[in-house]
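Residue-level listing of the chains:
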Amino acid sequence: MKYGYARVSTSDQDLEIQKNALLSAGCEVVREEKVSGTSLKGRSELTTLLEFLRNGDELVVTRIDRLARSMRDLQNIVHDLTEKGVHLSATKQSVNTKTPEGKCFLDMLGVFAEFETRLRHERQMEGIKKAKEKGVYKGRKTTIDADMIRELKESGLGASAIAKQMSIHRDSVYRLLKTVKGQ
């Protein structure tokens, strides 16, 4: 049986074109979600689909970057699919893991998807750096009460106890205390 997976990165993007392409390719079921593809975290529809697929099934996407933007994630997904006897194909690319050529093309596309993600991140960091130089970018607003952490530390509590009491990660407590010492 053919199963489709459609993904866009943000909630304001439309999935209709991908859904229609997957249905036209013969997919009986199409799972969809609006979440970033840079990680597998938070992609519940993909996780459900990957757990459900069985020997002889085919997973269809429109393009490989809809499945994964990380070469490691793509390789892990393809490995897990292969172990289950599931094939992967793409409607808009010459990808089909049933053939050596299709597998080769898949690997090349994975490399380019990851490269594109890294370039985008690099451009974002350059933009942030320029904005900081101009004094426009200040970073996100502080959500942790630094005074409270200092008070709790002065009262004798350790970092773990402070973190537990404030429902934050212990590393945040250490980072803030280190910053205070450095001033």
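Now for a description of the structure that goes with this document.

Reading the values: the criteria
Residues numbered from 1 in each chain as written. Predicted model: local features only at pLDDT ≥ 70, side-chain atom pairs only at ≥ 80, totals over all residues. Heavy atoms only, no water. Helix = DSSP H or I, 4+ residues; strand = E, 2+ residues; numbered from the N terminus. Buried < 20%, exposed > 50% of the residue type's maximum accessible area, 1.4 Å probe, protein only. Polar contact = N/O pair within 3.5 Å; in protein donor to acceptor, adjacent residues only side chain to side chain. Contact = heavy atoms within 4.5 Å. Phe/Tyr/Trp six-rings, centres within 6.5 Å; stacked < 30°, edge-to-face > 60°. Expected span 1.5 Å × (residues − 1). 1 Å grid on protein atoms, 1.4 Å probe; cavity = no way out; pocket = protein on both sides within 12 Å on 5 of 7 lines; lining within 4 Å. Points joined across faces, edges and corners; volume = space filled by probe spheres on them. Nonpolar A, V, L, I, M, F, W, Y, C, P; charged D, E, K, R; others polar. Pairing = 2+ DSSP bridges. Axes fitted to C-alpha atoms, helices over the stretch in contact; angles between N-to-C directions. Parallel < 35°, antiparallel > 145°, perpendicular 65-115°, else oblique. Left-handed = near helix turned anticlockwise from the far one by under 90°. Right-handed = clockwise from strand over helix to strand, strands pointing away. Patch = residues over 30% accessible without salt bridge, like charges linked within 9 Å, V, L, I, M, F, W, Y side chains within 5 Å. Areas by Shrake-Rupley, 256 points an atom, 1.4 Å probe, with all protein chains shown as cover. Salt bridge = Lys/Arg side-chain N within 4 Å of Asp/Glu carboxyl O.

**Examining the side chain of Glu114**
Here Glu114 lies in helix 4 (residues 100-134). Glu114 gets classed as buried once you look at its relative accessible area, which sits at 18%. Of note is the side chain of Glu114, whose polar atom sits 2.5 Å from the backbone nitrogen of Met71. In this view, Glu114 contacts Arg69, Ser70, Met71 and Arg72; residues no more than four positions away in its chain are not counted.

**Digging into the packing of aromatic side chains**
Within this structure, the stated rule accounts for one aromatic pair. Taking 5.5 Å as the distance between ring centres and 80° as the angle between the ring planes, the aromatic pair formed by Tyr3 and Phe52 counts as edge-to-face. Of this pair, Tyr3 sits in strand 1 (residues 2-8) while Phe52 is found in helix 2 (residues 44-52), placing the two residues 49 residues apart along the sequence.

**Focus on helix 4**
For the α-helix, the turn length of 3.6 residues means that residues three or four positions removed from each other point alike. Between its terminal C-alpha atoms helix 4 stretches 52 Å, which fits the 51 Å expected from 35 residues at 1.5 Å a residue. Against the buried residues of helix 4 lie helix 3 (71-84) and strand 4 (87-90). Just downstream of helix 4, Gly135 is the residue with a positive phi angle, here 80°.

**Quick look at the layout of surface pockets**
Considered as a void within the structure, the largest pocket measures approximately 260 Å³ in volume. Lining the largest pocket, in full, are Arg140, Lys141, Thr142, Thr143, Ile144, Ala146, Ile149, Ser172, Arg175 and Leu176. Those elements giving two or more residues to the lining of the largest pocket turn out to be helix 5 (146-154) and helix 7 (170-182). It is helix 7 that provides the largest number of residues to the lining of the largest pocket, a total of three residues. Across the lining of the largest pocket, the residue classes break down as four nonpolar, three polar and three charged.

**Quick notes on the sheet that holds strand 3 (residues 58-61)**
Here we have four strands laid out as an open sheet, ordered 2-1-3-4, and parallel in their pairing. Strands at the two margins of the open sheet, each flanked by one partner only, are strand 2 (29-34) and strand 4. Neighbouring strand axes in the sheet, compared pairwise and without regard to direction, differ in orientation by 25° on average. Sheet contacts for helix 1 (residues 16-24): strand 1, strand 2 and strand 3; angle to strand 1, the most-contacted strand, approximately 165°.

**Brief notes about the packing of helix 5 against helix 6 (residues 159-166)**
With their axes 10 Å apart at the nearest point, helix 5 and helix 6 run at an angle of 135° to one another. Classified by the angle between their axes, helix 5 and helix 6 sit oblique to one another. At the point where helix 5 passes helix 6, the crossing takes the right-handed sense. Only Ile162, Gln165 and Met166 of helix 6 make contact with helix 5, whose side of the interface consists of Met148, Ile149, Leu152 and Lys153.

**Observations concerning the pairing of strand 4**
Examined bridge by bridge, strand 3 and strand 4 share four bridges and lie parallel to one another. Within strand 4, the residue paired with Leu59 across the bridge is Leu88. Remark: the strand 3/helix 3/strand 4 crossover connection has right-handed handedness.

**Section: a nonpolar patch on the surface**
Residues Met108, Phe112, Phe115 and Leu119 make up a contiguous nonpolar surface patch of about 400 Å² in total accessible area. Of the residues examined, Met108 reaches a relative accessible area of 40% and is grouped as partly exposed.

Just distances and angles here, no functional claims.
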